[in-house]
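Examining the three-dimensional arrangement
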Amino acid sequence: MNHSPFSTPDSRPPIHVVAGVLSDARGRILLARREGERELAGLWEFPGGKVEKGEIAREALARELAEEIGVEVEPAAMRPLIAVPHRMASGKRIVLDVHRIARFKGRARGLESQALAWVQPERLADYSMPGADRPVVAALREPEFCVVTSSRNAAGEALFTQLEQALAGDARRVIVRGPVRELESVADALASLAVRLGASILFESDALGLDAAMVLARRPGLGAHLAAGDLDRVAASPAAGGLLLSATGDSALALARAQEAGVGFALVELSTPRDARHEAASRLARFAALRESVTIPLYLAAGQADDLQAARAHGAQGLVVPLPG
Ligand SMILES: Nc1nc2c([nH]c(=O)n2[C@H]2C[C@H](O)[C@@H](COP(=O)(O)OP(=O)(O)OP(=O)(O)O)O2)c(=O)[nH]1
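If you're wondering where the values come from, they're calculated on a predicted model, not measured in any experiment. The written sequence of each chain sets the order in which its residues are numbered from 1. Given that the model is predicted, a residue must reach a pLDDT of at least 70 before its local features are reported, and side-chain atom pairs must reach 80 or more before they are shown or counted; all residues, however, enter totals for whole chains, interfaces and linings. The basis for every side-chain value is the complete set of non-hydrogen atoms in the structure, without hydrogens or water.

A word on the UniProt feature "domain: Nudix hydrolase" (unreviewed entry) in the protein
UniProt positions are given in the numbering used here, feature names are shortened, and annotations may be inferred rather than shown by experiment. Using the residue numbers shown here, the UniProt feature "domain: Nudix hydrolase" (unreviewed entry) corresponds to residues 13-142. Put simply, DSSP H or I for four residues or longer makes a helix, DSSP E for two residues or longer makes a strand, and each gets a number counted from the N terminus. Annotated as residues 13-142, this span is 16% helix and 32% strand, and its ends, taken at the C-alpha atoms, are 29 Å apart.

Concerning the environment of Leu 111
Assignment of secondary structure puts Leu 111 in the loop between strand S6 (93-101) and strand S7 (116-119). For the pair Leu 111 and Ile 69, spaced 42 residues apart in sequence, the C-alpha to C-alpha distance is 5.4 Å.

Details of the site of the ligand
Near the ligand, the surroundings consist of 18 residues, among which Arg 34, Arg 38, Phe 46, Lys 50 and Asp 133 are the closest. We call two N or O atoms a polar contact when they sit within 3.5 Å, provided that within protein one can donate a hydrogen and the other can accept it, with sequence-adjacent residues counted only if both atoms are side-chain atoms. Within the side chain of Glu 45, a nitrogen or oxygen atom sits 3.2 Å from a nitrogen atom of the ligand. One of the backbone nitrogen or oxygen atoms of Gly 48 is found 3.4 Å away from a nitrogen atom of the ligand. Note that accessible areas follow from Shrake-Rupley with a 1.4 Å probe, and for residues the cover is restricted to the protein chains shown. When the ligand is considered free in solution it has 630 Å² of accessible area, and contact with the protein chains removes 79% of it. Here a residue is near a molecule or strand as soon as one of its heavy atoms is found within 4 Å of it.

Some details on the pattern of salt bridges
In the sections that follow, a salt bridge refers to a side-chain nitrogen of Lys or Arg positioned within 4 Å of a carboxyl oxygen of Asp or Glu. Counted under the stated rule, the structure contains 17 salt bridges. As a salt-bridge pair, Arg 219 and Asp 188 come within 2.8 Å of each other at their nearest N and O atoms. Residue Arg 219 is located in the loop between helix H6 (210-216) and strand S13 (222-226), and its partner Asp 188 is located in helix H4 (residues 184-196); the two are separated by 31 residues in the primary sequence. With relative accessibility at 18%, the residue Arg 219 sits in the buried group. In this structure, a network of salt bridges that share partners links the residues Glu 52, Glu 55, Arg 63, Glu 64 and Glu 67. Between buried and exposed lies partly exposed: a residue is buried under 20% and exposed over 50% of the maximum accessible area for its type, with that area taken using a 1.4 Å probe on protein chains only.

Notes on the pairing of strand S8 (residues 145-148)
For two strands to be treated as a pair, DSSP must find no fewer than two bridges joining them. With four bridges joining them, S8 and strand S17 (residues 318-322) adopt parallel strand pairing. Counterpart to Cys 146 in the pairing with S17 is Val 320. Direction of pairing for S8 relative to strand S10 (residues 173-176): parallel, over a ladder of two bridges. Within S10, the position partnered with Val 148 by the bridge is Ile 175.

Topic: the packing of aromatic side chains
Here a ring pair, both rings aromatic, is described through the centre-centre distance and the interplanar angle of the planes. The criterion for an aromatic pair is that two Phe, Tyr or Trp rings (for Trp, the six-membered ring) have centres within 6.5 Å, with stacked assigned to planes under 30 degrees apart, edge-to-face to planes over 60 apart and tilted to the rest. Under the counting rule described, the total for this entry stands at two aromatic pairs. With a centroid separation of 5.4 Å and 90° between ring planes, the pair formed by Trp 44 and Tyr 127 is classed as edge-to-face. A residue pair is termed long-range when its members are at least 10 positions apart, and Trp 44 in strand S3 (residues 44-45) and Tyr 127 in the loop between S7 and helix H2 (134-141) qualify at 83 residues. On the numbers, 5.5 Å between centres and 80° between planes, the contact of Phe 265 with Tyr 299 is edge-to-face. With Phe 265 in strand S15 (residues 265-268) and Tyr 299 in strand S16 (residues 298-301), the pair connects residues that are 34 residues apart, well separated along the chain. Tyr 299 matches Phe 265 in its accessibility class, with the two residues each being buried.

Topic: the nonpolar core
The biggest cluster of nonpolar side chains holds 30 residues, and the ones touching the most others in it are Met 214, Leu 226, Leu 245, Val 263 and Leu 298. Excluding residues that lie within four positions of it along the chain, Met 214 makes contacts with Ala 224, Leu 226, Val 234, Ala 240, Leu 243 and Leu 245. In plain words, nonpolar cores are sets of buried Ala, Val, Leu, Ile, Met, Phe, Trp, Tyr and Cys residues tied together by side-chain atoms within 4.5 Å. Whether two residues are in contact is decided by their heavy atoms, any of which lying within 4.5 Å being enough.

Focus: the domain arrangement of the protein
What fixes the domain bounds is an automatic or database domain assignment. Along its sequence, the protein is organised into domain 1 (15-138) and domain 2 (145-322). Each of domain 1 and domain 2 has a C-alpha centre, and these two points are 29 Å apart. Buried area, as used here, totals the accessible surface that two parts lose on assembly, with accessibility defined by a 1.4 Å probe and the loss added over both. Interface area for domain 1 against domain 2, summed over the two sides, is near 1100 Å², with a carbon-plus-sulfur share of 51%. Of all residues in domain 1, Pro 85, Arg 134 and Ala 138 give up the largest surface area on contact with domain 2, accounting jointly for 43% of the area buried on that side. Where domain 1 meets domain 2, there are two salt bridges. Here Glu 292 makes a salt bridge to Arg 93, at a shortest N to O gap of 2.8 Å. The tally of links from domain 1 across to domain 2 stands at six residue pairs in polar contact (both at pLDDT 80 or more). Looking at the side of domain 1 that touches domain 2, the elements that each hand over two or more residues are strand S5 (78-87) and H2. When residues of the side of domain 1 that touches domain 2 are assigned to their parent elements, the largest contribution, seven residues, is made by S5. Across the side of domain 1 that touches domain 2, the residue classes break down as seven nonpolar, two polar and three charged. Classes in brief: Ala, Val, Leu, Ile, Met, Phe, Trp, Tyr, Cys and Pro nonpolar; Asp, Glu, Lys and Arg charged; the others, Gly included, polar.

Describing unusual backbone geometry
Its identity as a non-glycine residue notwithstanding, Leu 40 has a phi of 65°, on the positive side. Of note, Leu 40 is situated in the loop between strand S2 (29-33) and S3. The class of Leu 40 is partly exposed, set by a relative accessible area of 31%. In this model, Ser 113 sits at a positive phi of 60°, which is unusual for a non-glycine residue. Among the structural elements, Ser 113 can be located in the loop between S6 and S7. Classification of Ser 113 as exposed rests on a relative accessible area of 65%.

Now the structure itself:
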């Protein structure tokens, strides 16, 4: 099955760029500054560059890392992290194909007179990076799965028990669908549970009403999942700054509006094409085309044939998964 992230509607293929995430013994990540008069000069990036004709991605990355920072990396030490299809403001299209580097030989130094910085993952946001790198930083720092509860009408206590179990497992980002009875009585407990476990729990503005959802989202650990009709009001509201917000989109326009409103991530739900034989490949190609137009992390609502690796290879932060039970 064709899982290529390079088949998007534009006829000219995007430029394939490879980049590496190198870590030191303290878990810090290496960034390099783009110097000179080049496009995006002054911004920080993951070391790498364009794949040349006849090269495969890993060869190109090994070459770039040797040329730019003087380290030797074997292809077997490279693990795909995410490949981000991205359209720059200039209209230039790239796929930023990023690999984690499990081990390397040599001491990294800027062989092209570029500044280097070793940065703690939680400090990456302090460095200005190109738009294509936002999903990469998210892939390094944020959860791979977004868990969504069923929209069955829940009661606060039952929801708390359900989420306590989910968070005791792997779930770190949960969207609660539908209305919740007596939510106020468990809101503080849910917030402290989320904070304690480094998780977040978001409530639908559709189900709670926008004002109530935004008040709830002021608690650390909680957030609001915005209905499309609420995005404009939130975009115009200074009170929304700093809150954890998300949205769902199925078009470039809807996702752009969500990004504009300041959401931290979005879910992408794609309709199923008629020809089921090509479903997985065509969904992923359509997803990649949407991915090009925004920089917020995107979770793909999973069709049966999608897997995390294929989604990541098309620029997804991860998959939307239903909460069991
Ligand atoms: N290496 C690297 N490139 C990135 C990142 N993010 C990002 O948008 N890019 C872009 C910048 C460039 O357009 C392209 C990398 O190609 P390059 O480093 O060979 O770019 P360049 O501008 O020097 O190339 P040229 O066209 O002048 O030959 O990918 C990143 O994190 N690492």
